Amino acid sequence: MLKTINPATGTEMKEIEEVSLSSTARIYQQAEQAQKDWQGKSVSERLAYFQSLRLLMASKLDQLSTIIHADTGKPKAEALATDIMPVIDYIQHIEKTAEASLNRQSQSTPVLFWGKKSYIEYMARGTVLIISPWNYPLQLSLIPVLSALAGGNAVVLKPSEVTPLTGRLIELLFKESRFPDQIVQVAQGGKELGEALIKEKPDYIFFTGSVKTGKIIQEQAARDLIPTTLELGGKDPMIVFEDANLERAAKAAVWGAFTNSGQVCMSTERVYVQRSVYQTFVRKVQELTMNLKQGTSIHDDLGSMTFPKQIQIVKEQVEDALNKGAVLAAGDAPENWDNDSMFIKPMVLLNVNQEMDIMKEETFGPVMPIMPFDREEEAIELANGTSYGLNASVWSGDMEKAERVVASLVTGNAAINDVMLTVMNPNLPFGGAKNSGIGRYHGEQGLRIFCHEKSVMTDSGKRNTEIQWFPYKGKYKPFKTLFQTMFGRNKNWKAAGQAYREIMKASK
Ligand code: NAD
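What you see is a predicted model; the values in this text were computed from it and never measured.

Caption draft 1: Seen up close, the pattern of salt bridges. Here the structure, examined in full by the defined rule, presents 21 salt bridges. For the salt bridge of Arg248 with Asp418, the shortest nitrogen-to-oxygen distance reads 3.5 Å. Taken as a pair, Arg248 in helix 9 (residues 246–258) and Asp418 in the loop between strand 14 (415–416) and strand 15 (437–438) lie far apart in primary sequence, 170 residues in all. In this structure Arg248 comes out as partly exposed when scored by relative accessible area, which is 39%. With a relative accessible area of 22%, Asp418 lands in the partly exposed category. Linking Arg275 and Asp374 is a salt bridge whose minimum nitrogen-to-oxygen distance equals 2.9 Å. Linking Arg275 in helix 10 (residues 275–290) with Asp374 in the loop between strand 12 (367–373) and helix 13 (376–383), this pair joins segments that are 99 residues apart in sequence. Counted as one network, the salt bridges with shared partners bring together Lys116, Asp459, Arg463 and Glu466.

Caption draft 2: Local environment of unusual backbone geometry. Phe470 connects to Pro471 through a cis peptide bond whose omega is 0°. Along the chain, Pro471 turns up in the loop between strand 16 (451–458) and helix 16 (476–487). Even without glycine at this site, Leu225 takes up a positive phi of about 50°. Looking at the element boundaries, Leu225 is found in the loop between helix 8 (211–223) and strand 7 (228–231). The residue Lys434 is not glycine, and still its phi comes out positive at about 50°. Structurally, the position occupied by Lys434 is in the loop between strand 14 and strand 15. A residue is classified by how much of its surface remains accessible, and Lys434, at 37% relative accessible area, is partly exposed.

Caption draft 3: Seen up close, helix 11 (residues 308–323). When the terminal C-alpha atoms of helix 11 are compared, their 23 Å separation across 16 residues agrees well with the 22 Å that a helix rising 1.5 Å per residue should span. Regarding helix 11, the residues found buried are Gln310, Ile311, Val314, Lys315, Gln317, Val318, Asp320 and Ala321. Residues of helix 11 that are buried make contact with strand 11 (347–350), helix 12 (357–360) and strand 12. Trailing helix 11 by a residue or two, Gly325 shows a phi angle of about 110°, which is positive.

Caption draft 4: Local environment of the packing of aromatic side chains. Summed over all chains, the structure comprises 15 aromatic pairs. Geometrically, the ring pair formed by Phe206 and Phe450 is tilted, given 5.9 Å between the ring centres and 35° between the ring planes. Placement of the pair is Phe206 in strand 6 (residues 204–208) and Phe450 in the loop between helix 15 (443–448) and strand 16, with a sequence separation of 244 residues. The residue whose ring lies beneath Lys401 is Phe241, and the NZ or CZ to ring-centre distance is 4.4 Å.

Caption draft 5: The nonpolar core, seen in detail. Phe50, Met57, Ile94, Leu138, Leu146, Leu149 and Phe174 are the most contacted members of the largest nonpolar core, which has 77 residues in total. For this core, the leading source of residues is helix 4 (residues 76–102), giving nine residues. When residues of this core are sorted by domain, at least three fall in each of domain 1 (36–107 + 117–232 + 442–454) and domain 2 (236–425). With residues up to four places along the chain from it excluded, the contact list for Leu149 reads Trp38, Arg46, Phe50, Val155, Phe174, Phe179, Ile183 and Val184. Ranked by size, the runner-up nonpolar core spans 30 residues in total, among them Val314, Val318, Met347 and Phe373.

Caption draft 6: The site of the ligand, seen in detail. Surrounding the ligand, one finds 29 residues, the nearest of these being Glu161, Ser210, Thr213, Leu232 and Glu362. Trp134 is positioned with one of its side-chain polar atoms (N or O) 2.9 Å from an oxygen atom of the ligand. The side chain of Glu161 places a nitrogen or oxygen atom 2.6 Å from an oxygen atom of the ligand. Those elements that place two or more of their residues in the shell around the ligand are helix 7 (191–199), strand 6 and helix 8. Broken down by class, the residue content of the shell around the ligand amounts to 13 nonpolar, 10 polar and six charged. Shared between two domains, the shell around the ligand holds at least three residues of each, these being domain 1 (36–107 + 117–232 + 442–454) and domain 2 (236–425).

Caption draft 7: Spotlight on helix 8. For helix 8, with 13 residues, the first-to-last C-alpha span of 19 Å sits near the 18 Å given by 1.5 Å per residue. Among all positions of helix 8, only Val211, Gly214, Ile217, Gln220 and Ala221 are buried. The inward-facing, buried residues of helix 8 abut strand 3 (127–131), helix 7, strand 6 and strand 7. Of the residues one or two after helix 8, Leu225 is the one with positive phi, at around 50°.

Caption draft 8: Molecular detail of the domain arrangement of the protein chain. One can read the domain layout of the protein chain as domain 1 (36–107 + 117–232 + 442–454), domain 2 (236–425) and domain 3 (466–507). The C-alpha-based centres of domain 1 and domain 2 are spaced at 30 Å. Of the roughly 1,700 Å² buried where domain 1 meets domain 2, counting both sides, 59% is carbon and sulfur surface. Where domain 1 meets domain 2, there are zero salt bridges. In this structure, the connection of domain 1 to domain 2 is made through seven residue pairs in polar contact (both at pLDDT 80 or more). Of all the secondary structure elements, the ones that give two or more residues to the side of domain 1 that touches domain 2 are helix 3 (61–72) and helix 4.

Calculation rules
- Residues numbered from 1 in each chain as written.
- Predicted model: local features only at pLDDT ≥ 70, side-chain atom pairs only at ≥ 80, totals over all residues.
- Heavy atoms only, no water.
- Salt bridge = Lys/Arg side-chain N within 4 Å of Asp/Glu carboxyl O.
- Helix = DSSP H or I, 4+ residues; strand = E, 2+ residues; numbered from the N terminus.
- Buried < 20%, exposed > 50% of the residue type's maximum accessible area, 1.4 Å probe, protein only.
- Expected span 1.5 Å × (residues − 1).
- Contact = heavy atoms within 4.5 Å.
- Phe/Tyr/Trp six-rings, centres within 6.5 Å; stacked < 30°, edge-to-face > 60°.
- Lys NZ or Arg CZ within 6 Å of the ring centre and 35° of its normal.
- Core = buried A, V, L, I, M, F, W, Y, C linked by side-chain atoms within 4.5 Å.
- Domains from an automatic or database assignment.
- Near = heavy atom within 4 Å.
- Polar contact = N/O pair within 3.5 Å; in protein donor to acceptor, adjacent residues only side chain to side chain.
- Nonpolar A, V, L, I, M, F, W, Y, C, P; charged D, E, K, R; others polar.
- Buried area = accessible area lost by both parts, 1.4 Å probe.

Now the structure itself:
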């Protein structure tokens, strides 16, 4: 049984039954069975189910936000705006775009293959295993689940054991919107269950979680050549130039660093500010941070931390920074934290440097370290100076400069004069560079990754042979003349025509 406790209030909720490790083979058999029918449906037939789910979710917003709040401790407004809304929006996006993305795509055919036709078609992979984390338990489960379903796959979802109420909610949503039985199976359990589900060799693994687990999963998947997408952690930089709108930048930094108590893969984890405006920016951020309201009401800005172990990681990183000379400009030092509470006050750290863990490792907590810089090149070097590359933001009134800086950042996503934006646009592919992950989802490719991309060329079959087929006798020289004319500088089309006739003759 998975115990569920509302981290913000300490209230014990109902227990959720775990799937036994011995039932994984049966889960896949059921998935395989269900997938046969589902694959046989056209994309538009599948989309009718999506519409039911969207309408159902839109009619249950209070219930959904209450469950997510109870599971994670995040404020209900945040659950609504950043976990539930993106899913509903994404369903609508799939309803509008899936047919165009997944139906057969005609392609042009090179002139050398005159008379033939080419197309790409998308075929379901089979059963997709989706393993998700606890920080946005609804969207980080449902967006990949729905993308896989649109392509005709069955799905086994293993939600995080830290947020099983949301896992249960997902199960009920599919049932209530009358998706076919077993087309989505929610397997509740911990990492041992995740490992056991991978051992059953799913046709694809979509993983969202830590770099550490991502590497373990990639190793396990490699043994059976199972394709994967890995959506991993981040240490996202924000670069603020002196010509930026500082009012807006400070507000964005505070939201970017502290929304969901900083437990966001693409939260603002490092802020670099041009020295001439550093003091002004810090003052604004300090004031805004101190005005944030923490609690459990719908008017509060910050909820609690979700996972007790995460508090320990945040604590160690802050202690390391303070021991190395960092200064707290807002929030409490770890020795003053209430050990019985899951709430941590948001912290602003100054006098930090790139050698501190707080500037190198993912913190996943409400901490904003701020550091001054002088030159554009220096800011780029600092921003690129970690092993992560998920998201970044650049702040300037000079668009040309901002775009130039973005072009130099090694990152999967970036925003100019905004934070965390790209993930909210379902048309844009999302994913990381370096240790932040492998592959992309969202957008057209977010649907296509769950399919075998099959390239097909057709011929009417009326001609008896092809010029590149046997025999080769008498073809080498005319081939050379033909290719030199087609691809080289010397365009002797008369000679090429003669060469082509010779090849045709030799082919008979
Ligand atoms: P985690 O890696 O501990 O766990 C994620 C999931 O993997 C859970 O469901 C867990 O049960 C499962 N798991 C753990 N070990 C496993 C194993 N050996 N085999 C199979 N499954 C296993 O991560 P978490 O603490 O739940 O989530 C936080 C992390 O997720 C952070 O690093 C965060 O940056 C990252 N994240 C990334 C994105 C993204 O889109 N890039 C989004 C959100 C969170």
